[in-house]
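Residue-level structure breakdown
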Amino acid sequence: MIQLKTEFLDELGRHLGKHTDKEQILAEYDIHITEMLEEFNGNERGESDIKSEIYSRLGTPGEIAESWKEELSTTPVKTQWVFILANLIFFVGGTILTLVHNLFDFPLIDMAWKNLTSISAVIILLYLFFWALLGYEIGKGFGHKGRRLMKKTFILSILPNIILMNLTLFKLIPHDWFQPLLSPAFIFICILFTALLYPICWVGYRWGKKASI
């Protein structure tokens, strides 16, 4: 059993070559293989069957090394700005739609506004999915190293939302611009879901981190 783990890690080390996180990756897979061997301990499965099961669950050393090498091409800064810009596009798009609807008379824009305000629950669910996806992609792409990146990306991404919410609540933006959305119930829902965004992002991160293994 120990020889099987040693051979797997030695082969993985050869495939990783001079990867910057080589030692950390090997230590991580050492733990996973040890846990799997403990799971198989006491059964009557042969060494070849256990080896096949390990390869089936984790992948071959070559496949694992290739996936880690691909991650080097995805930098934290690129990932961070993808999500910041995506949220900014939503924010700017919604702002432009609101301004045009309230300041000008365009039938198509008015129709789009009415349709969107009628499905506010769907929009909220889609937005929650966006934050879960943010955490998932960072967890999957960077594993345990992505925790700090996720926090920083979350804070930078949500700043426009917090600013808009405060401008609206303190009536620096006319309340009638957001009718029929701006009811007490809807304000409460917005505050509640804003508070839930980080936990949702965190769950997505943990899920992605687990999927990366």
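Residues numbered from 1 in each chain as written. Predicted model: local features only at pLDDT ≥ 70, side-chain atom pairs only at ≥ 80, totals over all residues. Heavy atoms only, no water.

**Comments concerning the packing of aromatic side chains**
Note the following rule: Pairs were defined over the aromatic rings of Phe, Tyr and Trp, the Trp ring being its six-membered one, requiring ring centres within 6.5 Å. Orientation was assigned from the angle between planes: stacked under 30 degrees, edge-to-face over 60, tilted for the rest. Note on conventions: DSSP H or I runs of at least 4 residues are helices, E runs of at least 2 residues are strands, and numbering of each starts at the N terminus. Relative accessibility decides the category of a residue: with a 1.4 Å probe and only protein chains considered, values under 20% of the type maximum give buried, values over 50% give exposed, and everything between is partly exposed.
Evaluation of the coordinates by the stated rule reveals eleven aromatic pairs. Ring geometry for tryptophan 202 and tyrosine 205: centres 5.4 Å apart, planes at 35°, overall tilted. Of the two residues, tryptophan 202 and tyrosine 205 are both situated in helix H9 (residues 184–211); the distance of three residues between them amounts to about one turn of the helix. A relative accessible area of 2% places tyrosine 205 in the buried class.

**Describing the environment of lysine 140**
With respect to the element layout, lysine 140 can be found in helix H7 (residues 120–142). Along the chain, lysine 140 and arginine 206 lie 66 residues apart, while their C-alpha atoms are 8.6 Å from each other.

**As for helix H2 (residues 22–40)**
Note the threshold: To estimate how far a helix should reach, multiply one less than its number of residues by 1.5 Å.
Here H2 is 19 residues long and its end C-alpha atoms lie 27 Å apart, about the 27 Å a rise of 1.5 Å per residue gives. Looking only at H2, the buried set comprises Ile25, Leu26, Glu28, Tyr29, His32, Ile33, Met36, Leu37 and Phe40.

**A look at the pattern of salt bridges**
As a reminder of what qualifies: Definition used for salt bridges: Asp or Glu carboxyl oxygen within 4 Å of a side-chain nitrogen of Lys or Arg.
Applying the stated rule across the entire model yields three salt bridges. Aspartate 30 is the partner of lysine 5 in a salt bridge, and the nearest nitrogen-oxygen pair spans 3.2 Å. On the criterion of sequence distance, the pair formed by lysine 5 in helix H1 (residues 2–16) and aspartate 30 in helix H2 is long-range, its members being 25 residues apart. Lysine 5 sits in the buried class, given a relative accessible area of 19%. Its salt-bridge partner being arginine 57, residue glutamate 53 comes within 3.0 Å of it at the nearest N-O pair.

**Observations concerning the side chain of serine 157**
Our working definition: In what follows, residue pairs with any heavy atoms lying within 4.5 Å of each other are defined as contacts.
Relative to the helices and strands, serine 157 is located in helix H8 (residues 147–169). In contact with serine 157, other than residues within four places in its own chain, are Phe83, Ile84, Asn87, Trp131 and Leu134.

**Remarks on the nonpolar core**
We count it as follows: Grouping buried Ala, Val, Leu, Ile, Met, Phe, Trp, Tyr and Cys residues that are joined through side-chain atoms within 4.5 Å yields what is termed a nonpolar core.
Of all hydrophobic cores here, the largest spans 18 residues; its most connected members are Leu12, Tyr29 and Ile54. Within the second largest apolar cluster, 15 residues are counted, among which are Ile124, Ile138, Leu149 and Ile158.

**Thoughts on H7**
With 23 residues, H7 extends 33 Å between its outermost C-alpha atoms, agreeing within 8% with the 33 Å of an ideal straight helix rising 1.5 Å per residue. One or two positions beyond H7, positive phi appears at glycine 143, with a value near 60°.

**Remarks on the packing of H1 against H2**
Our working rule: To get an axis, a line is fitted to the C-alpha atoms, and for a helix only the part in contact is used. The angle between two axes follows their N-to-C directions and goes from 0 to 180 degrees. Here is the rule for angles: anything less than 35 degrees is roughly parallel, anything more than 145 is roughly antiparallel, 65 through 115 is roughly perpendicular, and the remaining ranges are oblique. Whether a crossing is left-handed or right-handed is set by the direction in which the near helix is turned from the far one by less than a right angle, anticlockwise for left-handed and clockwise for right-handed. Amino acid classes used here: Ala, Val, Leu, Ile, Met, Phe, Trp, Tyr, Cys and Pro are nonpolar; Asp, Glu, Lys and Arg are charged; the rest, including Gly, are polar.
At a minimum axis distance of 10 Å, the contact between H1 and H2 shows a crossing angle of 155°. The angle between H1 and H2 places the two elements in the roughly antiparallel class. The interaxial crossing formed by H1 with H2 has right-handed handedness. Only Lys22, Ile25, Leu26, Tyr29, Asp30, Ile33, Thr34 and Leu37 of H2 make contact with H1, whose side of the interface consists of Leu4, Lys5, Phe8, Leu9, Leu12, Gly13 and Leu16. The residue inventory of the contact of H1 with H2, partitioned by class, reads ten nonpolar, two polar and three charged.

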